[in-house]
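Chain residues, written in single-letter form:
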Amino acid sequence: MCYNSPMMKKVSGLCVTLLFLGLILYKIDFENVLSVLKLFHVSYLPYIVIFYILSLFLRGVRWKLFLNNDVKYSWLNLAEISTVGTMLNIFIPARAGDLFRAYYLGQVKNEKKLKIFGSVILERLFDGTAIFLILLFSVKLYFSTSEVINFTATIAGVLFLGSLALAFAIFRFNKLNSIFDFIEKKLLKSDAEGVHWTSKLRYHANSFSEGFSVLKDNKVLSLSLVYSLLIWGLECVVVFFIINSFELSFPPSAAFFVLTLTTFSTMLPSTSIFLGPFQAAYILALSIYGADKELALAISVVHNLILMVIISAIGLTWMLRHNFVGRKIQQTVDTKSGD
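In this text the structure is predicted, and so the values were computed from the model without any measurement.

Caption draft 1: Representation of the environment of Ile28 in the model. Inspection of the secondary structure puts Ile28 in the loop between α1 (4–25) and α2 (30–37). Assessed through its relative accessible area of 11%, Ile28 is described here as buried. Here the alpha-carbon distance between Ile28 and Leu297, two residues 269 residues apart in the chain, equals 9.7 Å. Filtering out sequence-adjacent residues up to four positions away, Ile28 remains in contact with Val33, Lys293, Glu294 and Leu297.

Caption draft 2: Structural view of helix α10 (residues 218–244). With 27 residues, α10 should cover 39 Å at 1.5 Å per step; its first-to-last C-alpha distance of 39 Å lies within 8% of that length. Two to three positions downstream of the cap, the backbone nitrogen of Lys219 sits 3.0 Å from a side-chain oxygen, assigning the N-cap of α10 to Asp217.

Caption draft 3: Spatial organisation of the packing of aromatic side chains. Summed over all chains, the structure comprises 15 aromatic pairs. Between Phe100 and Trp318, the ring centres sit 6.3 Å apart and the planes meet at 80 degrees, which makes this aromatic pair edge-to-face. Here Phe100 is found in helix α5 (residues 96–108), whereas its partner Trp318 is found in helix α13 (residues 293–321), with 218 residues between them in sequence. Given the relative accessible area of 1%, Trp318 is considered buried. On the basis of an interplanar angle of 45 degrees and a centroid distance of 6.2 Å, the ring pair of Phe117 and Phe208 is categorised as tilted. Here Phe208 lies in helix α9 (residues 192–209) and Phe117 lies in helix α6 (residues 113–142), a separation of 91 residues in the sequence. Taking the relative accessible area as the measure of exposure, Phe117 reaches 23% and is therefore partly exposed. Phe208 gets classed as partly exposed once you look at its relative accessible area, which sits at 21%. Across the ring face of Trp63, the terminal group of Arg101 is positioned such that the distance to the ring centre comes to 4.2 Å.

Caption draft 4: Spotlight on the nonpolar core. In this structure, Trp63, Tyr282 and Leu286 are the most contacted members of the largest nonpolar core, which totals 86 residues. Ignoring any residue separated from it by four or fewer positions in sequence, one finds Leu286 in contact with Ile243, Ala254, Val258, Ala291, Ala296 and Ile299.

Caption draft 5: Inspection of the pattern of salt bridges at higher detail. For the structure on display, the rule yields 11 salt bridges. Notably, a salt bridge pairs Lys112 with Glu210, separated by 2.8 Å at the nearest N-O pair. In this pair, Lys112 is assigned in the loop between α5 and α6 and Glu210 in the loop between α9 and α10, connecting sequence segments 98 residues apart. For Lys112, a relative accessible area of 33% translates into the label partly exposed. Residue class for Glu210 comes out partly exposed when judged on its relative accessible area of 28%. Close ionic contact of Arg124 with Asp127 constitutes a salt bridge, the shortest N to O distance being 3.8 Å. Here Asp127 and Arg124 lie together in helix α6, a separation of 3 residues that amounts to about one turn. Within the structure, one salt-bridge network assembled from shared partners comprises Arg59, Arg62, Asp98, Arg101, Glu123, Arg124, Asp127 and Glu235.

Caption draft 6: The arrangement of the packing of helix α4 (residues 75–91) against α13 in detail. The N-to-C vectors of α4 and α13 enclose an angle of 120 degrees; their axes lie 8 Å apart at closest approach. Taken together, α4 and α13 sit at an angle that is classed as oblique. Crossing angle aside, the handedness with which α4 passes α13 is left-handed. Contacts from Asn77, Glu80, Ile81, Thr83, Val84, Thr86, Met87, Ile90 and Phe91 in α4 reach Met308, Ile311, Ser312, Ile314, Gly315, Leu316, Trp318, Met319 and Arg321 in α13. Residue composition of the contact of α4 with α13, grouped by class: 11 nonpolar, 5 polar and 2 charged.

Caption draft 7: Layout of the side chain of His303. Residue position: His303 is located in helix α13. Not counting chain neighbours up to four residues away, the residues in contact with His303 comprise Val239, Ile242, Phe278 and Tyr282.

Caption draft 8: Local environment of α13. Across its 29 residues, α13 extends 42 Å between first and last C-alpha, which sits within 8% of the 42 Å expected from 1.5 Å per residue. The opening residue of α13, the one whose side-chain oxygen lies 3.3 Å from the backbone nitrogen of Glu294, is Asp292. Phi turns positive, to about 50 degrees, at Asn323, one or two residues after α13.

Caption draft 9: Up close: the confidence of the model for the protein. Mean pLDDT for the protein: 81, with 77% of residues reaching 70 or above. Confidence scores differ between elements of the protein, with helix α14 (residues 326–337) showing the lowest mean pLDDT of 56 and helix α3 (residues 45–66) the highest of 96.

Basis of the calculations
Residues numbered from 1 in each chain as written. Predicted model: local features only at pLDDT ≥ 70, side-chain atom pairs only at ≥ 80, totals over all residues. Heavy atoms only, no water. Helix = DSSP H or I, 4+ residues; strand = E, 2+ residues; numbered from the N terminus. Buried < 20%, exposed > 50% of the residue type's maximum accessible area, 1.4 Å probe, protein only. Contact = heavy atoms within 4.5 Å. Expected span 1.5 Å × (residues − 1). Polar contact = N/O pair within 3.5 Å; in protein donor to acceptor, adjacent residues only side chain to side chain. Phe/Tyr/Trp six-rings, centres within 6.5 Å; stacked < 30°, edge-to-face > 60°. Lys NZ or Arg CZ within 6 Å of the ring centre and 35° of its normal. Core = buried A, V, L, I, M, F, W, Y, C linked by side-chain atoms within 4.5 Å. Salt bridge = Lys/Arg side-chain N within 4 Å of Asp/Glu carboxyl O. Axes fitted to C-alpha atoms, helices over the stretch in contact; angles between N-to-C directions. Parallel < 35°, antiparallel > 145°, perpendicular 65-115°, else oblique. Left-handed = near helix turned anticlockwise from the far one by under 90°. Nonpolar A, V, L, I, M, F, W, Y, C, P; charged D, E, K, R; others polar. pLDDT = per-residue confidence, 0-100.

So this is what it looks like as structure tokens:
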């Protein structure tokens, strides 16, 4: 199983990538794509870099908050590790960066790795909630009469708000032990071996739940949501600058739709750098505003390239500073995902 699963993920990712690339490249005018690429104004680049790096730093501040503002964590170091994780998620499939963040930080800080991983999952839930709220704002403000777009926003809301509400109900009110008590007393009864394994699972589940401990503090909970909206608000600004650096004048709502759809597209299995789904989401988002396929594809290529360069520059700088080679990262990830 440990050999087949990664292979199946690679095959499914390749199939999804090829499918989307086929749809994107069908009857496309490459000369038109190249002509659009030449319109990019480099003068926008400093603003894009500054706002995006600010969003990365703010992720470190929020992650420290998720870790109960423990003094042993530096928000700057957390921002760097988070960026390394993002870099790995881009170039290695199966969200390897999230596993790396949990394993590495747990190792160097002598912390429970499942607790760190729980905080990473909580971060994803807040990201999804912020993205949904941005999408909902865009839909209600600009496309309140579109049934298809409203339906898409509703599905996103059910997915992310439902997940956050479930996590809130379980971890805020500490229902995990009640669930395990029920399993041991009512289902397993006198099964000693079953109770033994359940006790182990209870320990790991409680360690994981420690990463959600901030849900018990209403003030921290509210602040976490504010940080999440600020992070994604900054990313909206980045997208707005990228789109309009091509001598265009799309409204801010275009950036909202591009950001939400491309973010959702990264959840699909694909090859490295999210090739295929990311570009398809970009084309779909800008088609709402009448942009043709060539225009949207050219902008998506520049968008993807700029952000990958920024993330890779920060991630590789951190790796060089800590003498952390790629082989060690792969060993770290394999330790957690190869079982």
